[in-house]
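# Chains, contacts and geometry: an overview
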Amino acid sequence: MSHAISLTVNGEARAVTLDDPRVTLLDLLRERMALPGTKKGCDRGQCGACTVLIDNRRVNACLTLAVTLDGAEVTTIEGLATGDTLHPVQAAFIDHDGFQCGYCTPGQIMSAVGLISEGHAGDDPERIREGMSGNLCRCAAYHGITEAVLDATRRMADADTASDADERASA
Amino acid sequence: MNLFDYIRPASLDEALSAWEPGAAWLGGGTNLVDLMKTGAMAPGKVIDVTRLPGLDGIESLPDGSTRIGALVRNSTLAHDPDFAADFPMVAEAILSGASGQLRNAATVGGNLVQRTRCAYFQDPWSPCNRRDPGTGCAAIGGETHNHAVIGWSDRCIATNPSDFAVPLAALDAVVEVAGPSGQREIAMAAFHHLPGDTPETETALAPGELIVAIRLPAGARAFRANSRYLKVRERTSFAFALASCAASLRIEDGTIAEARFALGAVAAKPWRVAEAEAMLTAQPPGAALFSQAAERALQDAAPSGENAWKIDLARRTATRALALAAAGTPARMPALPASTFGEPAHA
Ligand SMILES: Cc1cc2nc3c(=O)[nH]c(=O)nc-3n(C[C@H](O)[C@H](O)[C@H](O)COP(=O)(O)OP(=O)(O)OC[C@H]3O[C@@H](n4cnc5c(N)ncnc54)[C@H](O)[C@@H]3O)c2cc1C
Ligand code: SF4
Ligand code: FES
Ligand code: FES
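What counts, and where the lines are drawn
Residues numbered from 1 in each chain as written. Chains lettered and ligands numbered in written order. Predicted model: local features only at pLDDT ≥ 70, side-chain atom pairs only at ≥ 80, totals over all residues. Heavy atoms only, no water. Helix = DSSP H or I, 4+ residues; strand = E, 2+ residues; numbered from the N terminus. Rg over C-alpha atoms; globule rule 2.2 N^0.38 Å. Buried < 20%, exposed > 50% of the residue type's maximum accessible area, 1.4 Å probe, protein only. Contact = heavy atoms within 4.5 Å. Areas by Shrake-Rupley, 256 points an atom, 1.4 Å probe, with all protein chains shown as cover. Domains from an automatic or database assignment. Buried area = accessible area lost by both parts, 1.4 Å probe. Salt bridge = Lys/Arg side-chain N within 4 Å of Asp/Glu carboxyl O. Patch = residues over 30% accessible without salt bridge, like charges linked within 9 Å, V, L, I, M, F, W, Y side chains within 5 Å. Pairing = 2+ DSSP bridges.

An unreviewed UniProt entry lists chain B under the name FAD-binding molybdopterin dehydrogenase, with Pseudooceanicola nanhaiensis given as the organism.

Chain A carries the name (2Fe-2S)-binding protein in an unreviewed UniProt entry, which gives Pseudooceanicola nanhaiensis as its organism.

Here you go:
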């Protein structure tokens, strides 16, 4: 039995017919939507390489059946930048050398975006390391990753404060 | 992965009538999809319950109990400020399990029904009485670091891996289920089964029964000032427990008025011993007392393989968890939930 689903991927409405319910979101993105930025590491929830946002919450795409996502909003690493302007987390990963081979990086960045919006880690390095523990890095670039997430957290908080101030000034 | 029919019912009634032998409920899928990939589970029908209405709230009932809908995500529950303030060791246990991504997907109902992490169970080519009754147990005589040291049988020595289940057992939670013959309630103490001769029967759920909610009784809130979950694992984060303990005390005028503690990762269910808890009542908190109670809780322990070390580890974990509980619930969730690292040296 085939299943027709509609979902939004990186802001774009997509209609998909799945003739097999076994397709994971990870395989749908990589094999059928030409979005290979989301990586397959373990395919079992253990490494975080496949992290994406579904309805703004970070999850593992490898354990998510695509057929369950009718109506969902998915954001992948390809959807983070605005034109040529990198998302603050992407910029911070470059500034702090948050990677070596780069394989885990899309997952790290998506996980960091999710973590920052959850808002429980703040700018405490220990809470950030704990909050990022679902993302393994074979190259062990952890030091740079933590620095990048910390810096991005601060930059995004500053930007929020600045835009609040702008709003107050214009009000 | 086997081929299956996928359906997503819109109501509880529709879900219950869609069930047939060999079907599986789909919550967050973080355990079911994983095991379908290895072939350890092969349901012919997957019934997605994640959009059933009315099962995703956390509510306070008039009798003072707290009711958690089965579809509430693990992260949502642990970060709910009222819930975490009332049941701190439940929140701490959840946050010590899995990862941020997995907790966002996992439902509380699915968490309770997650299968063992016995590696032989996950591998469909190994003999396993739990997965395929009558085939034997590859873990006996095999690798047993995450296997049971209490309540096991010669048919199966697996442990239950859920962190969440451990404080729920200590706090006398109740599981509300709906099934073909109506609604009923199952006490946490009776929810998970010890293996005995039928390790394939893991829980008290009858075929076709669905968890609809988990309820914490009003009295469970009385422990909020002195409650901790402690989890010893092979790395500080993102690892299953080797031994864990949910400990809670009600202390009045320097004396323990009531004590609850349950051990995790040592048996096929959270391990709670009434006599061990009773030893703590009407006593002033103290290291020697905690160690005697922990000893009592593990009185019937025996290694199921090369894991005698785990008995000692569990005893020390319970002793330490009770001491942490006596020291008081931290004002804020620790940066490393349920970890001994980052605790003050005197704890
Ligand atoms: C890498 C990794 C690390 C993990 N680490 C930990 C850890 O440290 N501690 C820990 O406790 N857990 C850990 N987990 C397990 C995780 O907590 C569970 O996978 C999760 O809680 C299951 O919830 P779910 O909603 O995804 O369940 P699903 O995968 O959807 O379902 C699990 C089982 O429950 C059944 N089910 C689902 N919903 C219901 C319902 N309402 N009523 C009856 N049956 C139902 C399903 O049929 C299935 O058999 C880890 C998982 C992974 C992949
Ligand atoms: S311990 Fe239990 S789950 Fe593991 S192989 Fe033996 S029977 Fe199967
Ligand atoms: S590929 Fe999904 S967690 Fe490893
Ligand atoms: S940068 Fe190589 S795996 Fe992380």
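Text resumes after the structure shown.
Attention now moves to the overall build of chain A. Looking only at helices and strands, chain A features five helices and five strands. Moving toward the C terminus, one meets the helices and strands of chain A in the order β-β-α-β-β-β-α-α-α-α. For 171 residues, the compact-globule estimate of 2.2 N^0.38 gives 16 Å, and chain A sits close to it at 17 Å. On the principal axes, the C-alpha backbone points of chain A span a range of 55 × 45 × 30 Å. Buried positions account for 50% of the 171 residues belonging to chain A. In chain A, the proportion of contacts linking residues at least 24 apart, taken out of those at least 6 apart, comes to 57%. By element, 48% of the accessible surface of chain A is carried by carbon and sulfur atoms, the whole surface being about 7900 Å².

A common way to report how large an interface is uses the accessible area buried once the components associate. All names here are of chain A. In terms of domains, chain A is made up of domain 1 (3-79) and domain 2 (88-166). The distance between the C-alpha centroids of domain 1 and domain 2 comes to 22 Å. At the junction of the two partners, domain 1 supplies 16 residues and domain 2 supplies 16 residues. Together domain 1 and domain 2 conceal approximately 1200 Å² of surface at their shared face, both sides included; 56% is due to carbon and sulfur atoms. Arginine 58 is the partner of glutamate 118 in a salt bridge, and the nearest nitrogen-oxygen pair spans 2.9 Å.

To continue, consider a nonpolar patch on the surface. All names here are of chain A. Side chains of Leu86, Ile94 and Phe99 sit close together on the surface and give an oily, nonpolar patch of about 250 Å² of accessible area. Tracing the sequence through the fold places leucine 86 in the loop between strand S5 (73-75) and helix H2 (88-95). Residue leucine 86 is classed as partly exposed on the basis of its relative accessible area, which comes to 39%.

This paragraph deals with the pairing of strand S3 (residues 51-54) of chain A. All names here are of chain A. Along S3, one buried face is formed by Thr51 and Leu53 and the opposite face, lined by Val52 and Ile54, is buried too. The pairing of S3 with strand S4 (residues 57-60) spans four bridges and is antiparallel. Along S4, the bridge assignment pairs isoleucine 54 with arginine 57. Where S3 hands over to S4, the hairpin turn is made up of two residues, of which aspartate 55 adopts a positive phi near 45 degrees. One ladder, built from two bridges, connects S3 with S5; its direction is antiparallel. The residue bridging leucine 53 from the neighbouring strand is threonine 75, located in S5.

All right, on to the pattern of salt bridges then. All names here are of chain B. Throughout the structure, instances matching the rule amount to 35 salt bridges over all chains. A salt bridge links aspartate 86 to arginine 221; the shortest N-O distance between them is 2.8 Å. Highlighted residues: aspartate 86 in helix H4 (residues 81-86) and arginine 221 in the loop between strand S8 (210-216) and strand S9 (227-232), separated in sequence by 135 residues. One salt bridge connects glutamate 252 with arginine 250, and the closest N-O pair in it is separated by 2.7 Å. Residue class for arginine 250 comes out partly exposed when judged on its relative accessible area of 22%. Salt bridges here are not isolated pairs; linked through shared partners, they connect Asp172, Arg250, Glu252, Glu258, Arg260, Arg272 and Glu277.

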